[in-house]
Amino acid sequence: TEELGLVLRLCPRAANCLKYNLYVTTFLGFGANSAYQDHVQVLAKTARTSPAATATSPAIIEDPCYPRGMPVGVKYSGSQAEVLSVGEDPLPAEANLQLTGTGQFEACRRLVHPLLQIHGGVQSRSLGGTYQPRLPLSRSFYGLSEFWYCMEDTLGIGGHYTYKKFMEANQKFCGTSWSELKKMEAEKKFPKADKNRLRRQCFKAAWLAAVLHDAHHFPEDFDHFESISEINSAEVQWTLGALIYSLHQPPPSSRSV
């Protein structure tokens, strides 16, 4: 059944087997980059109800998921939206839609919520209605890859996560004008963040907050979550890598993963 999950047995020595209760699923199509494309697609469809745009006068729609004043050029043709430029002025000639950032982080989180495809907000259902076992909230949880990049590369708060700290840091970053952020970028104020990270930080951070708290149902006051990029100086990128590394450590006789 969904509740039972899998049982993994590792026997490095015949007389010393280790038992792990393991639940595995996939959320293909719900990563930050895929969600970003879905978000742009939704806004482009919304723009269809606005006055018709021309190549020289794109339709303009406000987007809370970009820093204040950031322009984004989009080509919308048929039913497909293609992002042509982010943060560049002027827009490419073929852009017929302009998204303009308003830097409202909390509004962005509310805006992306429907993209989670949660049905009825049931605690046992996560992204896309996928089953989720009960969370053992007495244990520690770790966020890899995008969780680390989103907290550390731009904001410098990687490591121990608190909802309040994460929200405040992103509200400050996203509420900063795009012209000021470009100046800070030129002054090397974000040495760990590349061009793409700075321009999509607001959306990706809002998406991660929505995934963590709205889809996976972690309470906002949960205090045992940490973003990491290494375990004992060994780089980890995906959950499977963290699991394999964990299995090679001297463990207790039984562990849940």
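First, a word on what this report is: a plain description of the structure on this page.

Cut-offs used in this document
Residues numbered from 1 in each chain as written. Predicted model: local features only at pLDDT ≥ 70, side-chain atom pairs only at ≥ 80, totals over all residues. Heavy atoms only, no water. Salt bridge = Lys/Arg side-chain N within 4 Å of Asp/Glu carboxyl O. Helix = DSSP H or I, 4+ residues; strand = E, 2+ residues; numbered from the N terminus. Buried < 20%, exposed > 50% of the residue type's maximum accessible area, 1.4 Å probe, protein only. Pairing = 2+ DSSP bridges. Axes fitted to C-alpha atoms, helices over the stretch in contact; angles between N-to-C directions.

What about the pattern of salt bridges?
Counted by the stated rule, this structure contains 10 salt bridges. In this structure, glutamate 146 engages arginine 197 in a salt bridge whose closest nitrogen and oxygen atoms are separated by 2.6 Å. In this pair, glutamate 146 is assigned in helix α3 (residues 146-153) and arginine 197 in helix α6 (residues 195-215), connecting sequence segments 51 residues apart. The same class applies to glutamate 146 and to arginine 197, which are both buried. Linking lysine 204 and glutamate 146 is a salt bridge whose minimum nitrogen-to-oxygen distance equals 3.8 Å. With lysine 204 in helix α6 and glutamate 146 in helix α3, this residue pair connects regions lying 58 residues apart in the sequence. Overall, the relative accessible area of 5% leaves lysine 204 in the buried class. Connected through shared salt-bridge partners, Arg109, Asp214 and Glu220 make up one network.

Some points on the sheet that holds strand β4 (residues 71-77)
Backbone-to-backbone hydrogen bonds pair the strands of a sheet. The strands run either parallel or antiparallel. Across the sheet, which stays open at both edges, the 4 strands sit in the order β3-β6-β4-β5 with mixed pairing between neighbours. Edge positions in the sheet fall to β3 (59-63) and β5 (80-86), since each of these pairs with one other strand and no more. Across this sheet, the average inter-strand angle for adjacent strands is 30°, counted without regard to direction. Relative to β5, β4 is paired through 6 bridges, and the arrangement is antiparallel.

Purely spatial values, then, with no claim about function.
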